[in-house]
Amino acid sequence: MASSDVVLGHSTFDALRLGRSAQMIVGRLLRFWDSKNIKKQGEFMGITLLFLDEKNSVIHGFIPAGRAPFYRPSLRAGSVVRVSRFEVARCTNMYKITDHPFVIRFIPHTTIAEVIENAPVINVEKFMLRSFDPLQALANTNLELPDVVGQIQSVQGSDLHDATVTTRVVIRFLIEPRVVVYLSLWDDAASMFRGLIGSGDRTQTVMVVTTVNPKLFAGNLYLNSTPATKFYFDNTLEAISEFTARLDGPAQEAFPCIDTKEGIRKKEVVSIGELNKFISNSNEQELFQDKYEAEFICKARVVDVLQQNGWSFVSCTGCSRKLDKDGSSLRCNRCVNPNITGVINHSYLKYRVELLVDDGEDNATFVVFDKEMLKLTKQDAAALTLNEINGGGGVELPQCLKDLGGQDFVFQIRVTPFNFTPNHRTFTVSAIVDTIVPETFKTNAAEFVQVEGGEASAAGSNMTGRNMTGGEEKEPNPSNAGGKGGGRKRTRE
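Residues numbered from 1 in each chain as written. Predicted model: local features only at pLDDT ≥ 70, side-chain atom pairs only at ≥ 80, totals over all residues. Heavy atoms only, no water.

### A few points about the overall build of the protein chain
Next up, step 1: From N to C terminus, the protein chain includes nine helices and 26 strands.
Next up, step 2: Burial status across the protein chain gives 52% buried among its 493 residues.
Next up, step 3: Counting only contacts in the protein chain whose residues sit at least 6 apart along the sequence, the fraction spanning at least 24 positions is 71%.
Next up, step 4: Here the protein chain displays about 22,600 Å² of accessible surface, and carbon together with sulfur accounts for 48% of that area. (Helix = DSSP H or I, 4+ residues; strand = E, 2+ residues; numbered from the N terminus. Buried < 20%, exposed > 50% of the residue type's maximum accessible area, 1.4 Å probe, protein only. Contact = heavy atoms within 4.5 Å. Areas by Shrake-Rupley, 256 points an atom, 1.4 Å probe, with all protein chains shown as cover.)

Set out below in structure tokens:
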């Protein structure tokens, strides 16, 4: 970066005019990051920058990808710089990272130089902080990517002390007295935070988190990280010192770190509510990156046998998967073998029974397949169907299935990638046993993030994840950030 000792005739950010001209600004380069287009396999779009001037106004700048190699060596976060001969354009209405209506675009004639002496007095930091009510209003709108200050209550994730791991980290974050939200950290932000808690003092619990995307899911407010997310723990920052002063007492205790990697390998005894919470606070990438599945033990009573999807299906002779209708015949879309399709043969009928179960607190739909249903009914699906036909039965549910109602069972539930899809409404039963063996299965409630604001649905849990949106090179979304969510409820301690 070239240096300059003289500052002449610069404009404040609020005095900038639209278009290309010989305007010049002087400001502190707060931070910068790479902007990528996730819709184009993470294509690099350019560098986004944040500047702060002596009037305490913040504006963002953008260096297009083609000019990024030339300017990148000149960028140093925290330095005071002079930027001249640029283009001023209007910001888009989405993913705003400042309150300023304009953006500074670097063009081939733009110059940037560090001001070493005689620089104006400029604050070290400024954040676009939002409290709970504005955050909730912004949720699911993608209008702003605000900053937030709060106190870490707990941290959950796998391999929390390995900074090379990029799987999701969930932080319970107190942002107002008795108001807790959830920070969902992904990719580089998750890796960066692991590095911070691995090397820092965990009694320093108050931090500022920048450029988050608020989403509502299952009645809880989630703040999803973006590629622009940074973490600040400096007690001298005004935002942190003021928040600390508002706390009921000193925050000296180290926040707990709950490592879930070992927990999801074990068979844990859980309630239906805890099972739902596990789904909504975990993610598919973390669970299945090592090609293992999570299994849980759940004791519940069968309330009803649901009939809307039937209780059996015709299976493929090759892979035993369900055949799909193809005109007047059946076809296996997995094997794609014409010899497998054809008319229904009763010998290939298999059980698929949906049970509405209840554990006294919550209910859910458990799906039981052929192997376990054979143990319960002592009859295969084909024989049961023939008996019903010969006995004059038709649409009626077989008596042996009706008899399941009111019975208590211990279900072994297998969590699969399907549980993380938007259409997920059921849990797959991998085994049914009569009793829980105490020495084999034990509950460890600390493995689960507690959701204060209401029941976390098992449906659509991937909606708390990433859905980053890129933009055209002319003016990309500053952080390429997004996510999905649903529900509206204020989360309190």
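### Describing the side chain of Asp147
Next up, step 1: Along the chain, Asp147 turns up in the loop between helix H2 (132-138) and strand E10 (148-157).
Next up, step 2: Since its relative accessible area comes to 3%, Asp147 is described here as buried.
Next up, step 3: Looking at Asp147, its side chain comes within polar contact range of the main-chain nitrogen of Met128, at 2.7 Å.
Next up, step 4: Within the local environment of Asp147, its side chain forms a polar contact with the backbone nitrogen of Thr211, the two atoms lying 2.8 Å apart.
Next up, step 5: Leave out the neighbours within four places in its chain, and Asp147 touches Arg31, Phe127, Met128, Leu129, Arg130, Val209, Thr210 and Thr211. (Polar contact = N/O pair within 3.5 Å; in protein donor to acceptor, adjacent residues only side chain to side chain.)

### Comments concerning the pattern of salt bridges
Next up, step 1: Considering all chains together, one arrives at 11 salt bridges under this definition.
Next up, step 2: With its nearest N and O atoms 3.8 Å apart, the salt bridge here joins Glu87 to Arg20. Here the residue Glu87 occupies a position in strand E7 (residues 87-90), and Arg20 occupies one in strand E2 (residues 19-20), the gap between them amounting to 67 residues.
Next up, step 3: Residue Arg301 pairs with Asp408 through a salt bridge whose shortest N-O separation is 2.7 Å. Here Arg301, found in strand E19 (residues 294-306), pairs with Asp408, found in strand E25 (residues 408-415); they are 107 residues apart in sequence, far enough to count as distant. (Salt bridge = Lys/Arg side-chain N within 4 Å of Asp/Glu carboxyl O.)

### Here's the deal with the confidence of the model for the protein chain
Any segment with low pLDDT has predicted coordinates that should not be analysed in fine detail.
Next up, step 1: Confidence in the prediction for the protein chain averages 77 pLDDT; 69% of positions are at 70 or higher.
Next up, step 2: Of all helices and strands in the protein chain, the one with the weakest mean pLDDT is helix H6 (residues 284-288) (48), whereas strand E5 (residues 58-64) scores best (97).
Next up, step 3: Confidence drops under pLDDT 50 across residues 284-292; counting only partners more than four residues distant or on other chains, this segment forms 28 contacts.
Next up, step 4: Throughout residues 437-474 the model reports pLDDT below 50, and contacts reaching past four residues in sequence, or to other chains, amount to 139 contacts. (pLDDT = per-residue confidence, 0-100.)

### Brief notes about the packing of aromatic side chains
Each aromatic ring pair is specified by the distance between its two centres and by the angle formed by the two planes.
Next up, step 1: Scanning the entire structure with this criterion turns up nine aromatic pairs.
Next up, step 2: Pairing Phe366 with Phe411 gives two aromatic rings, centres 5.2 Å apart and planes at 80°, and the pair type is edge-to-face. Taken as a pair, Phe366 in strand E24 (residues 363-369) and Phe411 in strand E25 lie far apart in primary sequence, 45 residues in all.
Next up, step 3: In textbook terms, an aromatic cluster arises when at least three aromatic residues are bridged by ring pairs, as seen for Phe366, Phe409, Phe411 and Phe427. (Phe/Tyr/Trp six-rings, centres within 6.5 Å; stacked < 30°, edge-to-face > 60°.)

### Thoughts on the nonpolar core
Next up, step 1: Of all hydrophobic cores here, the largest spans 34 residues; its most connected members are Leu275, Trp311, Leu355, Val357, Phe366, Phe411 and Ile413.
Next up, step 2: The contacts of Phe411, once residues within four sequence positions are left out, are Phe296, Ile297, Cys298, Ala300, Val302, Leu355, Val357, Phe366, Val429, Ala431 and Ile432. (Core = buried A, V, L, I, M, F, W, Y, C linked by side-chain atoms within 4.5 Å.)

### A short note on the environment of Gly19
Next up, step 1: Mapping Gly19 onto the fold places it in strand E2.
Next up, step 2: Considering only alpha carbons, one finds Gly19 and Arg105, 86 residues apart in sequence, at a separation of 9.8 Å.
Next up, step 3: Sequence-distant contacts of Gly19, that is, excluding residues within four places in its chain, are made with Phe86, Glu87 and Val88.

### Quick word on the side chain of Gln204
Next up, step 1: Secondary-structure assignment places Gln204 in the loop between helix H3 (187-199) and strand E13 (206-209).
Next up, step 2: Classification of Gln204 by relative accessible area gives buried; the value is 18%.
Next up, step 3: Only 2.9 Å separates the side chain of Gln204 from the backbone oxygen of Val206, close enough to count as a polar contact.
Next up, step 4: Among the polar contacts listed, one links the side chain of Gln204 to the side chain of Asn235, at a separation of 3.1 Å.

### Brief notes about unusual backbone geometry
Next up, step 1: Of note, the phi angle at Asn118 is positive, near 60°, even though the residue is not glycine.
Next up, step 2: You can see Asn118 is positioned in the loop between strand E9 (111-115) and H2.
Next up, step 3: Not every positive phi belongs to a glycine, and Asp187 is a case in point at roughly 50°.
Next up, step 4: Along the polypeptide, Asp187 turns up in helix H3.
Next up, step 5: Using a relative accessible area of 26% as the deciding quantity, one classes Asp187 as partly exposed.

### Describing helix H7 (residues 370-377)
Next up, step 1: Of the residues making up H7, those classed as buried are Asp370, Glu372, Met373 and Thr377. Mapping the buried residues of H7 onto a view down its axis gives an arc of 160°, with all of them on the same face.
Next up, step 2: Just downstream of H7, Lys378 is the residue with a positive phi angle, here 65°. (Arc of directions from axis to C-beta.)

### A few points about the pairing of strand E12 (residues 179-185)
Next up, step 1: Of all seven residues making up E12, seven are buried, and the element is well covered by its neighbours.
Next up, step 2: Where strand E11 (residues 169-176) hands over to E12, the hairpin turn is made up of two residues, of which Arg178 adopts a positive phi near 65°.
Next up, step 3: Judged from the three bridges that link them, E12 and strand E15 (residues 220-224) form a sheet pairing that is parallel. Bridge assignment links Leu183 to a residue of E15, and that residue is Leu223. (Pairing = 2+ DSSP bridges.)

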